[in-house]
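Architecture at a glance
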Amino acid sequence: MSDYNFPKAERICRLGLMDKLFTQGQHRTLRAYPVKAFFLLADEPSDVPVKMMVSVSKRHCFHDAVCRNRVKRQLREAYRKAKPDLIRHIAQNHQGKTLLIAFIWLGSELFPSQKIDRSIATLLQKIQENTP
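Residues numbered from 1 in each chain as written. Predicted model: local features only at pLDDT ≥ 70, side-chain atom pairs only at ≥ 80, totals over all residues. Heavy atoms only, no water.

Regarding helix H2 (residues 65-82)
Spanning 18 residues, H2 covers 26 Å between terminal C-alpha atoms, matching the ideal 26 Å at 1.5 Å per step. Every buried residue of H2 is listed here: Arg68, Val71, Gln74, Leu75, Ala78 and Tyr79. The arc that holds every buried residue of H2, seen down its axis, measures 130 degrees, which confines them to one face. Elements that come into contact with the buried residues of H2 comprise strand S2 (35-42), strand S3 (50-55), strand S4 (98-105) and helix H4 (113-130). (Helix = DSSP H or I, 4+ residues; strand = E, 2+ residues; numbered from the N terminus. Expected span 1.5 Å × (residues − 1). Buried < 20%, exposed > 50% of the residue type's maximum accessible area, 1.4 Å probe, protein only. Arc of directions from axis to C-beta. Contact = heavy atoms within 4.5 Å.)

Encoded structure:
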């Protein structure tokens, strides 16, 4: 299987995982405008080492669903292209743990995909450095 796919198993879908990521108070936060990342290295058994979710605010960012969906697609695609190094790092150094990541959109306008790719790559590199 390719390192660059993004199957459902790598998405945070369960409310319990979202709750663990946002409410336990142990998550860490990084920013690379226009994206903010919350992440937590959890003792959650999983078949994949990294799980991710994306959030784009309707209230503060885009009222138009077309724009919100575009931004979510851009974020998922940028993550899909930049994730292999992070997944290898977590799988080798943190066996039995799962890294939970939430990408939150901060911008109020649309950006080109190259800028989002750079922001996500920067965030994933910082996350890798902060999970030795």
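Section: the pattern of salt bridges
Per the stated rule, a full pass over the model turns up 7 salt bridges. Ionic pairing is found between Glu10 and Lys83, a salt bridge with its closest N-O pair at 2.5 Å. In this pair, Glu10 is assigned in the segment before helix H1 (15-23) and Lys83 in the loop between H2 and helix H3 (84-93), connecting sequence segments 73 residues apart. Comparing Glu10 with Lys83, the two get one shared label, buried. Notably, a salt bridge pairs Arg88 with Asp85, separated by 2.8 Å at the nearest N-O pair. One end of the pair is Arg88 and the other is Asp85, both in helix H3 and 3 residues apart, which spans about a single turn. By relative accessible area, Asp85 is classed as partly exposed at 47%. (Salt bridge = Lys/Arg side-chain N within 4 Å of Asp/Glu carboxyl O.)

With respect to the sheet that holds S4
Read from one edge of the open sheet, 4 strands run S1-S2-S4-S3, paired in mixed fashion. The strands lining the two open edges of the sheet, one partner per strand, are strand S1 (28-32) and S3. With direction set aside, neighbouring strand axes in the sheet form an average angle of 20 degrees. Looking at chain direction, S1 and S2 are connected through 5 bridges and run antiparallel. Pairing of Arg31 across the sheet is with Lys36, part of S2. Strands in contact with H2 are S2, S3 and S4; relative to S3, the strand with the most contacts, it is inclined by about 160 degrees. (Pairing = 2+ DSSP bridges. Axes fitted to C-alpha atoms, helices over the stretch in contact; angles between N-to-C directions.)

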